[in-house]
Amino acid sequence: MWTPTDRLILSARGGYSFLNEKLGNYGVPPVTGTTRYINQNTGNLANAGATPAGFGQAVGTQNFPGFSQLLFDVSRRRTFDGDASYLLSNFGGRHQFKGGVQFNGISNSILSTLVDTVVFRFGSDQTIRGRTGRSDAPAPTPGAIGVGFMQRFGAQGAAGSDNLAFYIQDSWQILNRLTLNIGVRAERENSPSFNDLGDGISFDFGSKVAPRLGFALDLFGDGKTKIFGSYGRFFDRFKYELPRGSFGGNFFRNDYFEIFPGQTAANFTRQTIIGTNPDPVGGTCPIANSTGFSRCQLDFRIPSNLPGQPEFGQVDPNIEAFRQSEFTFGVERAIGTDYLLRGRYTHKQVDVVLEDIGIPVPGGEVFLIGNPGRGLAKEVAEANGFISLEPVRDYDAFEIGLDKRFAKNYYFNANYTYSRLFGNYAGLASSDENGRTSPNVNRNFDLPFIGFSGLGQPDNGRLATDRPHVFKLSGAYEIPISATNSIELSGFTNASSGTPLTTRATVFGVGGTIINGRGDLGRTPIFTQTDFGVRYKYRFGGDGRFTLIGSMDILNLFNEDNVLGIDDNISGTGLTAAELGIDPTLSDIKQQGLFQRQATNAAANKFFSTGVRPNGTNACVSPATTCDLRNQTFNLANQFQGPRSVRFGFRLQF
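Predicted model, so just to flag it, every value in this text is computed and none were measured. (Residues numbered from 1 in each chain as written. Predicted model: local features only at pLDDT ≥ 70, side-chain atom pairs only at ≥ 80, totals over all residues. Heavy atoms only, no water.)

With that out of the way, let us pick up the side chain of S474. By the element assignment, S474 lies in strand β23 (residues 469-480). Setting aside anything within four residues of it in sequence, one finds S474 in contact with F412, N413, G491 and F492. (Helix = DSSP H or I, 4+ residues; strand = E, 2+ residues; numbered from the N terminus. Contact = heavy atoms within 4.5 Å.)

Shown next, in the form of structure tokens:
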């Protein structure tokens, strides 16, 4: 920091960080050339009824646990921040100008692999066409006794990107009682590609302009009552989860083959299955003129940024950055010399979402990268007969609080919040997927019927982290022992509403599909927790400039075990296309038609209400083994508050 004049202050900061995120992968044996075999025999083997000799294990078992090996996942970050502040008086009031530049450079390189997994299923009803759902898959070969597939998955590549931002703001004291805060920030950002075939995503300065407006008014001029308000627009800085998965960083393919009498598990290795097939982008089905067993290869990680190949996915040329906006209005009133009573209202909303949006094709999904409900995503959805839903995530909250400033050796603050979190968009860390942190590539828009309930309506409602009532109380009391020693006792307690519980099921291969609407199972019980802390402080050195602190923190002091979640999946086995009345080739899947069928089709209705799958006549022949697919732990608690824990700490403060 440098102060060249009494009105100008200059400052600058810089940094570099390195992180290799391979914890748990040190000492792991190499997985190259290793194959894991799994027997998923359905028990329908023609003329035998069992797994044939040579496949090594019983139904539902595997030869050893699968594992992956992360050789390296290195992230490097370079940062620089520089700013200048200037004070100016007698120019329509008093101004404090501040402007600056921020640079954030990130790079990532990764090499990870999973053992090859070969899965076998036996029986005359098992076919490649049935397993893949593709009408162009080869017809069954006479004499085949089953089918299998080999799955290969990994991540590799390197990429880097830069974010450059400029901002300027002014704290303008127009009158002794009124201050305005006005500012704007603009960013330029690029998200890289992990392949050499296409480009990443770039946003110029005009694409990410974020204004800030605020005011504070001393209402009566006595310094005791303040009215304030603010508005802001905020942009998310792009994470690397999407570039890795959608721009060539991830590899995920299945090769399907038939099984014939006399073959054993040892016949099926990577070399014998793939043969001379060259792993083309998008896979190949059917495969002809290959020396391998594979007759159909599906590519589940087709890069969405391949130029001129919309059949494999594409990036909206007019894509907008993720954006949310917020405004707040409040009042504060000083009571005496030690107390502050405050209240405020806050509204936050997601304006634009950036996600991968799936369009179903026979045997898989094609993803375009864009803004759900807008632009290219909306055009493509409507052209395929789907409804393009707008993401909604609105938060409204009223808060009232009382603060006691530190005086007479103690302080406290208490506040109560009444709020609502409503919408259909579960967030960058998806609360619909137990907090899955895959920003921009969560499951929210991966298929057109996601976002609709089983009743055929948009599934907008109270989102999974909604807690309407929250009360918090915290404080501390310091006990002087001597001029240099003291003990501080502190505590925090929280009482909150439970969170919504929703019936979910697997529909058309998508787990977590909402059936009756959000919150149909009620809420978890009220959540309460009290934490307690003790700190011993010893001051020494000239003017007590050094403080030695020993601490003990007890989390969940009363060892409460509140329920945090339940098993909300009514059945782990979903309905088939036939039971939903859908053409297996997907040619007639229309969003509204799919869910109208679910609402009126007797088979689907019975499944959604009971978890029991009817057969073709809508009657269970053998409920215990064939039709009853109810999850036996459905609606039972499976997530609980963590037990009491005690932490000890030591630090030197100076």
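Next comes the rest of the account.
With that out of the way, let us pick up the side chain of S496. For S496, the position within the fold is in strand β24 (residues 485-496). Within the structure, the side chain of S496 is placed 2.8 Å from the side chain of N494, a separation counted as a polar contact. Those residues in contact with S496, other than ones at most four positions away along the chain, are R467, H469, V470, I526 and F527. (Polar contact = N/O pair within 3.5 Å; in protein donor to acceptor, adjacent residues only side chain to side chain.)

With that settled, the discussion passes to helix α4 (residues 375-383). Within α4, the full set of buried residues consists of L376, A377, V380 and A381. For α4, the angular spread of buried residues about the axis comes to 130 degrees, placing them on one side. Facing away from the buried side of α4, by more than 90 degrees, are the exposed residues E379 and A383. Just downstream of α4, G385 is the residue with a positive phi angle, here 85 degrees. (Buried < 20%, exposed > 50% of the residue type's maximum accessible area, 1.4 Å probe, protein only. Arc of directions from axis to C-beta.)

Take the confidence of the model for the protein chain next. Per-residue pLDDT for the protein chain has a mean of 85; in total, 85% of the residues score no lower than 70. Confidence drops under a pLDDT of 50 for residues 43-49, and excluding neighbours within four residues, the segment shows twelve contacts in the predicted structure. Contacts of residues 621-625 to residues separated by more than four positions or lying in other chains number four contacts, the stretch itself having pLDDT below 50. (pLDDT = per-residue confidence, 0-100.)

A separate point is the environment of R177. Along the chain, the position of R177 falls in the loop between β6 (146-175) and β7 (178-191). In the structure, R177 is positioned 49 residues away from K226 in sequence and 9.2 Å away in space, judged by C-alpha atoms. Apart from residues lying up to four places away in sequence, R177 is in contact with A216, L217, D218, L219, F220 and G221. Within the structure, the side chain of R177 is placed 2.5 Å from the backbone oxygen of L219, a separation counted as a polar contact.

With that settled, consider the packing of aromatic side chains. Within this structure, the stated rule accounts for 19 aromatic pairs. Their ring planes at 55 degrees and their centres at 6.0 Å tell us that F327 and Y345 sit as a pair that is tilted. Placement of F327 in strand β14 (residues 323-335) and of Y345 in strand β15 (residues 339-352) is noted, with a sequence separation of 18 residues between them. With relative accessibility at 37%, the residue F327 sits in the partly exposed group. On the accessibility criterion, Y345 (21% relative accessible area) is partly exposed. Aromatic pair Y425 and F445: ring centres 6.3 Å apart, planes at 20 degrees, arrangement stacked. Of this pair, Y425 sits in the loop between β19 (410-423) and β20 (429-430) while F445 sits in the loop between β21 (436-437) and β22 (461-462), and the two are 20 residues apart along the sequence. Assigned by exposure class, Y425 and F445 land together as buried. Within the aromatic cluster, the residues linked to one another by ring pairs are F120, F122, F257, F268 and F293. (Phe/Tyr/Trp six-rings, centres within 6.5 Å; stacked < 30°, edge-to-face > 60°.)

Under the counting rule described, the total for this entry stands at one disulfide. Each sulfur of the disulfide joining C285 and C296 lies 2.1 Å from the other. In this structure, the disulfide formed by C285 and C296 twists by about -110 degrees around the S-S bond and is classed as left-handed. With C285 in the loop between β12 (283-284) and β13 (296-299) and C296 in strand β13, this pair connects stretches of sequence that are eleven residues apart. A relative accessible area of 13% places C285 in the buried class. (Disulfide = S-S within 2.5 Å.)

On to the environment of E332, then. Tracing the backbone shows E332 in strand β14. Along the primary structure E332 and D218 are separated by 114 residues, whereas in three dimensions their C-alpha atoms are 9.7 Å apart.

Moving on: the pattern of salt bridges. One pass over the structure, following the stated rule, counts 30 salt bridges. The shortest N-O distance in the salt bridge between R78 and D162 comes to 3.5 Å. Here D162 lies in strand β6 and R78 lies in strand β3 (residues 68-88), a separation of 84 residues in the sequence. Residue class for R78 comes out partly exposed when judged on its relative accessible area of 40%. A residue is classified by how much of its surface remains accessible, and D162, at 34% relative accessible area, is partly exposed. K208 is paired through a salt bridge with E189; the nearest N and O atoms lie 2.7 Å apart. Of the two residues, K208 is situated in the loop between β8 (201-203) and β9 (209-218) and E189 in strand β7; the sequence distance between them amounts to 19 residues. A residue is classified by how much of its surface remains accessible, and E189, at 6% relative accessible area, is buried. (Salt bridge = Lys/Arg side-chain N within 4 Å of Asp/Glu carboxyl O.)

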